[in-house]
Amino acid sequence: MLRYYLFAAVGCLAVTQAARIIQAPSESVPQNTQTQPDFCNLECPEFEPVCQTDDYEVRRYQDAKWVSTTVTGISLTTAGMRGFWRLFNYIGGDNDAGVKIPMTQPVLMQIPTKRTNYFSSQYTVSFLLPRMYWDNPPRPTNAEVFLEHTPELIAYVKSYGGWATGWNAYSYYEEIVEKLVQNNETFQDEYYFSAQYDAPFQITDRRNEVWVLGARNTDRGYTRRPVVPSCARGNMTRENIFDQAPKELDGNALPQCGDKENFCLDTDCPGYEVIESYDTGIERRRYSGIKMVTVSTNQCDIALARKKGFWALFNYINGSNSYEEKIAMTAPVLLDVMEKEVSSEEDSSCDKTFNVSFYIPEEHQLDTPEPIKDGVFLRTIDLDVYVQCFSGHASTSDIAKNSRVLRQWLRTEGRCHRRGVMHAATYSSPGMLFGRHNEIWLDADDQCTEQVKGEVTFDGDIRHRQESNKDLKSKLEEEPTRDPTSPDILPVSSITDKPAECETSECPTYKTVKTYDNFVERSVINAMLVCTKTVSCSYEMASIKSFHPLFEYIRGQNSEGIKIAMTAPVLTKMVKVEDGDSCEKEYTTCFYLPKEHQENPPKPNNDQVFIDANPVLDTYVMAFGGWATDEKVNQLVETFTVNLVNKYVPYTASFIVASYDAPWKRTRYNELWNLKAGAKSKPSYDSDESVEDTAMTAREIADPVHEKCVDTECPEYQTIKRFNNFEERRILPGMWVCKKSRDCSPTQSSSSFWSLFNYISGRNDKNATIAMTAPVIRKMNPADLGRTGCDKESTMCFWLPKEHQEDPPRPTEDGVYLYKSRGPVAYVMTYGGDQEKERDFSRRALKFMHIMDGAGISFKPEYVKAVTYDGPRAPVNERINEIWLIKPEGTNISEEDSDETLEPVEEKCRRKECPEFKTVKQHDGFVERSIVPGTWVCKNIRGCSVMETQSAYWSLYGYFTGSNSRKVKITMTSPVLHAMNPADLTKDSCDKLSTVCFWLPKEQQKDPPQPTEEGVYLYQSRGPAAYVMTYSGVRAEGEEDFADRARKFMDMLDEAGLEYKPEYVKAVKYDEPNVPVRKRVHEIWLIKPEESSREIVDPVSEKCKRIECPEYKTVKEHDGFEERRIKPGMWVCKKSTGCSTSQTSGAFMSLFYYISGANSKNMKIDMTAPVLRVVNPADLGREGCDKEVKTCFWLPEKHQKNPPEPTEEGVFLYKSRGPVAYVMTYSGGKMGREEEFSRRAKEFMGKLDWAGIKYKPEYVKSVGYDGPNVADNKRVREIWLIKPEDAEDYPGEDKDTMEKRCRAIDCPNYWGIKKHDGFEERRMMPGTWVCKNVSGCSMEEATTEFTWSMFAYMRG
């Protein structure tokens, strides 16, 4: 069990070690010179021991700066891991300075003593910010990470060993609290803190601590009991517990205020309406009818005013009121600061008045006890305010700074506020150290009325510490900098055929074939492996995710149920990628199987685990020490690649990390393998690169090279052959002008450029001005790519125009020379984007080289040419770049007629309009393309073959030639798109459904004519992302041929780990029958799944736990929508006519008055959800103010049988029969946007039309579940389209038996065999379940973890 735990902890171990090697920036910055305690190996927060008892230690911590993040989680462990990764990314470079920050100790977690809800709590995870960064800390780029300045504090500390978990941390917290109560100590009981000092690999002598906070420098005024610890009362007084006055702590503006629930937690807060939210994080809010208890103070100092006001109000809620009743504490504590109008008789030394207020809880708003103390009074406020949110302890300087920021923003935006008054709201309890929430409110003044009072300022309250700043500055000048470290590459002599770990653990048989300077070539013999694949953002995360299923396999989760000995090494294969989402890399992790299981290995029980038999693996091997972290592995891959290129060996893009040592070992040996190109291995280990002839090239750019050369002269060339991602090209002979240079980067040789530019500007022997040509070529040595040094030689050349080819002017500048090219043959890869830096160009050039190597194509290895056709002012998205690799002379060149060369799709779309598209990414053999949203005209057909589309084609052709509602002719477009279900291909059936579509031209996109032929319809596409494979040279394909091609394409995507929608494949053609077969272009589109189109923070089922909704049963799940049976029942409705189908506030208010008592029984009725609007689809998008909408509220269950009659004209009761509806759920968007609902409704109808699903076309229902106070990004909306068939009656019974429950929700089928007394015997029918093994200390903990896992699974 211990070994299993240690292996499972490998992720934390790797992260800790990676954090330890992160270096400080190169500038001269101060290091922390404090004396560290023995248990601190890294920088720790500075503290002074105060005293100690047998049960705890008392420490006085100095103020410090931290980086923190708040996480909601079901346990300390899960929340801690999520928070750790956010902070680790911050110190790893995810900050505005891009610097890597050293790791510190401890990892501190703020833990609430009470859960905010049943399932989860809010935890704050914090790293100490190294002192060197305190003056100017890098700002986080993740909005969930924030910086904090904590005050001086007293901490009661109990240390313990072992592993820190939520259970034992709380156990030690209870122990220390019991002793603190016995000793009559003053402490904060809302939160405690878990401090962890050690990495997971440290098995013994681990140190963890629990902290309970005592008095703090910032809240001494809020404590009434003695604050001196009991064990120090003989040596310390209340006055000297802190050495100095409270420091002004700097709070930071928050990027967004967030939802009220996030900062109120379980404390009652006033409700408000967010009127506007701005990009700066500022909000405009409206508070209406909020009752508060208030006291005015005559103090001139803001801190003293808050203190006095706080205790006066605290006495009120603690029973000093007319009911002698205790009232729950609420948030915020509101401070009103008002400038005085000082008269000559008054003392002008105090220029402000202060009010301090507590919000009255909801339960006391209507019946509030009266204050009995003078100066305390009740008031009801209505405020329209601009709000700036900030963190920290709301010191005077914080309030002043953030009020200035808010006022400056208002001036910049041209907005006015009421001068002379300001409100500061603090929400966090005194015991909260991290994640505090505060707000500045300024009253809005839309009329910009003329005002006499000035702004509220606090200049007299802010104390600056110039001496401290001078001391810190001197320390900054004294501290040395740290040197960066490089990966721990081991000498080649350390690579043997039997590594040290193989003496104790069985390893594969190795044979060294050849030794190079830094690596060896090795054969791995008889290496049968058990493997699993995963998609992840990083090597470390992939290792963590993959290790467990493999470890379970060798522990007995196999067909034989036997345990298998652990072997070495653990192999993790990754493919080096250049572009795209870094979180979509596929990793394969493998264990070597011992010899006794090589011939007949047990089969895995887990479908994600597989056996991979590789008789021989030919690899190149580099050894390295230490921990295999993401940063180190990425750096090693780059270094290894350069070494491989320099030795001209046939390498691939597949790298394998081989880890030999157990996690607890500190001295470690690892290897990095590269699979040799052409090595004998199974397809799972083949390189993902391949080369094949094709008649066209899928490129990442829109403009071909010859378009660039229309206005600018270029050397002529002939395309000999095109491959799937490059072409073979013959460049015609001619004269160039060149210059060689030595630079630190061969791609940034600006001096050579200006020398050549001066040459064509007249610095030549004829003083002739020569026209600029294209391209600019840089020739460089591949061995220089990626290496450090400033001696990299490169040559830059300009092409000379035709008039200067025969007799060019001679250069007069030293180093510039003329060069006569013989006309090489080059392999050319074309790509778009800006001119690359050396690192990016190196990656692309190396990738091109190993593509060529893997295909067995020879090229001159001495140099590579970087070619660009555009000047610096050209738009990035229009730029063209190329890489040229020169074909060796003497190699046979296949000459082909240029007339036979295919035109790319871009060329075809210049002659005939096509939907615009953008190539997002080029893969090997296909591209990822983004298609523009727009309207297509389509028709569904059924037949015995999905390729029989003539009838649909001619129906759509008829629409274009005049068979439409306007009888207009429409210009034909391209392509013809044919969508079909892959499952129907080659299936023996005459009921195969497919869809044929034509694209509508731009002039018809906004308001297309309606089709008049039955079955033809308009379809609004949202603009999908598609994987596109292009091919040519075929006539109308048969179903079997197309099926074979489509399945191969699907296999390519599966092997690449790319997801696509499996429901349909699209055949796309661009050419008419008159185009010769050899020039026809065809494509296959597989659609990329939409990203989180239904990702809803709070789904309908959750919303209906808080508010009553009609019950429903999901009948069937479809792709992107569901079929739902709605419960029959009573609704109250009103029809209205207006200009917008979504703006029905008049009808809404009539229904609201009905449930508020405007009914025959004068009865108040609870608000329900959803609000339903019934709309005519013909009204969507059209202009006019005669659009009829029916708005309805659902009636609660207790009013279903005998609802009160409406008394307002036009309001009526409606009994629904319980329809079956097709329901599409979505979230986000602005409330009341007709255009958004219109677009989504049309898309939904088009989707059903596309799928051949019938619905009632007379109306569509807009369904909303949220009130106006819910943030837009958390709103849930639905669109209902009603199924034509009559709905079956909903059972409508109490589900008090299994049979009744299973009528409303799907259950597994079973037969009751025999009933016994109190139980029964059943036979359960076979079926599929989704499960999870959970380990926990209690059934409750296990059930909670399982519930959230299943919730995430069902959410997608």
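Description of the structure in this document. Here, residues in each chain are numbered from 1, in the same order as that chain's written sequence. Where local features are concerned, this predicted model is filtered to residues with pLDDT of at least 70; where side-chain atom pairs are given and counted, the filter is 80 or more; whole-chain, interface and lining totals use all residues. Computation of side-chain values: all heavy atoms of the structure, hydrogens and water removed.

### Here we look at the overall build of the protein chain
And then number 1: Every helix listed is a DSSP run of H or I at least four residues long, and every strand listed is a run of E at least two residues long, numbered separately from the N terminus. Looking only at helices and strands, the protein chain has 22 helices and 52 strands in total.
And then number 2: Each residue is assigned to one of three classes by its accessible area relative to the maximum for its type, calculated with a 1.4 Å probe on protein chains only: buried under 20%, partly exposed between the two thresholds, exposed over 50%. Buried positions account for 51% of the 1356 residues belonging to the protein chain.

### What to know about the state of the cysteines
And then number 1: Whenever a pair of cysteine sulfur atoms sits within 2.5 Å, that pair is classed as a disulfide. Scanning all chains against the criterion turns up 13 disulfides.
And then number 2: With its sulfur 2.1 Å from that of its partner, Cys1133 forms a disulfide with Cys1192. Judged by the sign of its S-S torsion, about 110°, the bond between Cys1133 and Cys1192 is right-handed. Here Cys1133 is found in strand β44 (residues 1129-1138), whereas its partner Cys1192 is found in strand β46 (residues 1187-1194), with 59 residues between them in sequence.
And then number 3: The buried category is assigned to Cys1192, whose relative accessible area is 3%.

### Section: the packing of aromatic side chains
And then number 1: Each pair of aromatic rings taken from Phe, Tyr and Trp, with Trp reduced to its six-membered ring, is defined by centres within 6.5 Å and is described as stacked if the planes are under 30 degrees apart, edge-to-face if over 60, and tilted in the remaining cases. The final tally for this structure, using the stated rule, is 43 aromatic pairs.
And then number 2: Between the aromatic rings of Tyr516 and Phe519, the centroid separation amounts to 4.6 Å while the plane-to-plane angle is 20°, which identifies the pairing as stacked. We note that Tyr516, like Phe519, is buried.
And then number 3: Ring pairs connect the aromatic residues Tyr516, Phe519, Tyr620, Phe640 and Phe655, which therefore count as one cluster.
And then number 4: Remark: a charge is flagged as sitting over a ring if the NZ atom of Lys or the CZ atom of Arg is within 6 Å of the ring centre and within 35 degrees of the ring normal. The aromatic ring of Tyr863 is capped on one face by Lys779, whose charged end is 4.7 Å from the ring centroid.

### As for helix α12 (residues 750-760)
And then number 1: Among the residues making up α12, those that are buried are Ser752, Ser755, Leu756, Tyr759 and Ile760. Seen end-on, α12 carries its buried residues on one side only, within an arc spanning 135°.
And then number 2: In what follows, residue pairs with any heavy atoms lying within 4.5 Å of each other are defined as contacts. Along its buried surface, α12 packs onto β26 (734-743), β28 (792-799) and β29 (816-821).
And then number 3: Once α12 finishes, Gly762 follows within two positions and takes phi at roughly 125°, a positive value. Regarding the arc, it is the one traced by the directions from the helix axis to the C-beta atoms.

### Considerations on the pairing of strand β27 (residues 776-780)
And then number 1: With respect to burial, β27 is a largely interior element, 4 of its 5 residues being buried.
And then number 2: The pairing criterion for strands is at least two bridges between them, as found by DSSP. For β27 and β28, the ladder comprises 5 bridges, and the chain directions are antiparallel. Following the sheet pairing, Lys779 is matched in β28 by Thr795.

### Some details on the pattern of salt bridges
And then number 1: Between Lys or Arg on one side and Asp or Glu on the other, a salt bridge is scored when a side-chain nitrogen of the former is within 4 Å of a carboxyl oxygen of the latter. Taken as a whole and judged by the stated rule, the model has 45 salt bridges.
And then number 2: For Arg285, the salt bridge goes to Glu283, with nearest N and O atoms at 2.9 Å. Grouping residues by exposure puts Arg285 and Glu283 together as buried.
And then number 3: Here the salt bridges share partners, and the residues they tie into one network are Glu273, Arg284, Arg286, Asp384 and Asp446.

### Topic: helix α6 (residues 302-317)
And then number 1: With 16 residues, α6 should reach 22 Å at 1.5 Å per residue; the first-to-last C-alpha distance of 22 Å fits that figure.
And then number 2: For α6, the set of buried residues is Ile302, Ala305, Arg306, Gly309, Phe310, Trp311, Leu313, Tyr316 and Ile317.
And then number 3: Against the buried residues of α6 lie β11 (283-297), β12 (333-339), β13 (352-359), β14 (376-390), α7 (396-413) and β15 (421-426).
And then number 4: Just past α6, the residue Gly319 takes up positive phi, approximately 120°. A helix's residues, less one, multiplied by 1.5 Å, set its expected span.

### Thoughts on the pairing of strand β43 (residues 1122-1126)
And then number 1: Burial of β43 is extensive: 5 of the 5 residues sit out of reach of the surface.
And then number 2: Judged from the 5 bridges that link them, strand β42 (residues 1112-1117) and β43 form a sheet pairing that is antiparallel. Its bridge partner lying in β43, Lys1116 is registered against Glu1123.
And then number 3: The turn joining β42 and β43, which pair antiparallel and follow one another in sequence, is formed by 4 residues; a positive phi near 90° is taken by Gly1120.
And then number 4: Summarising the sheet, β43 and strand β48 (residues 1220-1227) pair through 4 bridges and their orientation is antiparallel. Opposite Arg1124, over in β48, you have Ala1221 as the bridge partner.

### Digging into the sheet that holds strand β37 (residues 992-999)
And then number 1: If you trace the 9 strands from one edge of the open sheet to the other, you get β33-β34-β39-β41-β40-β36-β37-β35-β38, paired in antiparallel fashion. Here the strands that pair on one side only, and so sit at the sheet edges, are β33 (917-922) and β38 (1016-1021). Along the sheet, successive strands turn relative to each other by an average axial angle of 30°, direction set aside.
And then number 2: In this description, a line fitted to the C-alpha atoms serves as the axis of each element, helices being fitted only across the stretch in contact, and the angle between N-to-C directions of two axes falls anywhere from 0 to 180 degrees. Across the sheet, helix α15 (residues 950-960) lies against β35 (934-943), β36 (976-980), β37 and β38, angled at about 145° from β35, the strand it touches most.
And then number 3: Of the strands in this sheet, β35, β36, β37, β38 and β40 (1065-1069) touch helix α20 (residues 1234-1251), which is tilted by about 125° from β38.

### Brief notes about the nonpolar core
And then number 1: Think of a nonpolar core as a cluster: buried Ala, Val, Leu, Ile, Met, Phe, Trp, Tyr and Cys residues, connected wherever their side-chain atoms sit within 4.5 Å. Counting residues in hydrophobic clusters, the biggest one holds 62 residues, and the most contacted among them are Tyr90, Phe127, Tyr156, Tyr197 and Trp211.
And then number 2: The element contributing the most residues to this core is helix α3 (residues 76-91), with 8 residues.
And then number 3: With residues up to four places along the chain from it excluded, the contact list for Trp211 reads Arg59, Tyr61, Leu108, Tyr156, Val157, Tyr192, Phe193, Ala195 and Tyr197.
And then number 4: If you look at the next biggest cluster of nonpolar residues, it comprises 41 residues, including Tyr587, Met622, Val637 and Ala866.

### With respect to the side chain of Thr795
And then number 1: If you trace the backbone, Thr795 turns up in strand β28.
And then number 2: A relative accessible area of 6% means that Thr795 is categorised as buried.
And then number 3: If we skip the residues at most four places from it in the chain, Thr795 touches Cys738, Lys739, Lys740, Ile777, Arg778, Lys779 and Tyr817.

### Concerning the sheet that holds strand β49 (residues 1260-1264)
And then number 1: In spatial order, the strands read β42-β43-β48-β50-β49-β45-β46-β44-β47; together these 9 strands make up an open sheet with antiparallel pairing. Both outer strands of the open sheet, β42 and β47 (1211-1216), are each paired with one neighbouring strand and no more. Each neighbouring strand pair of the sheet contributes to a mean axis angle of 30°, computed without reference to strand direction.
And then number 2: Against the sheet, α20 contacts β45 (1171-1175), β46, β48, β49 and β50 (1276-1282), and its axis sits at roughly 130° relative to β48.

### So, the side chain of Glu1123
And then number 1: Along the chain, the position of Glu1123 falls in strand β43.
And then number 2: Distance and chemistry together define a polar contact, namely a pair of N or O atoms within 3.5 Å, with one atom able to donate a hydrogen and the other to accept it when in protein, and with adjacent residues in sequence counting only for side-chain atoms on both sides. Only 2.7 Å separates the side chain of Glu1123 from the side chain of Lys1283, close enough to count as a polar contact.
And then number 3: Glu1123 has contacts with Lys1113, Thr1114, Val1115, Lys1116, His1118, Val1220, Ala1221, Tyr1222 and Lys1283, leaving out every residue within four places of it along the chain.

### Topic: unusual backbone geometry
And then number 1: Between Gln105 and Pro106 the backbone carries a cis peptide bond, its omega angle lying at -10°.
And then number 2: Mapped onto the elements of the fold, Pro106 is located in the loop between α3 and β4 (107-112).
And then number 3: Note that the residue after Ala1169, namely Pro1170, is joined by a cis bond; omega there is 0°.
And then number 4: Topologically, Pro1170 is positioned in the loop between α19 (1145-1156) and β45.
And then number 5: Even without being a glycine, Lys967 presents a positive backbone phi close to 55°.
And then number 6: Note that Lys967 resides in the loop between α15 and β36.
And then number 7: With a phi angle near 50°, Asn1162 is a residue other than glycine that sits in the positive phi range.
And then number 8: Within the secondary structure layout, Asn1162 lies in the loop between α19 and β45.
And then number 9: Classification of Asn1162 by relative accessible area gives exposed; the value is 66%.

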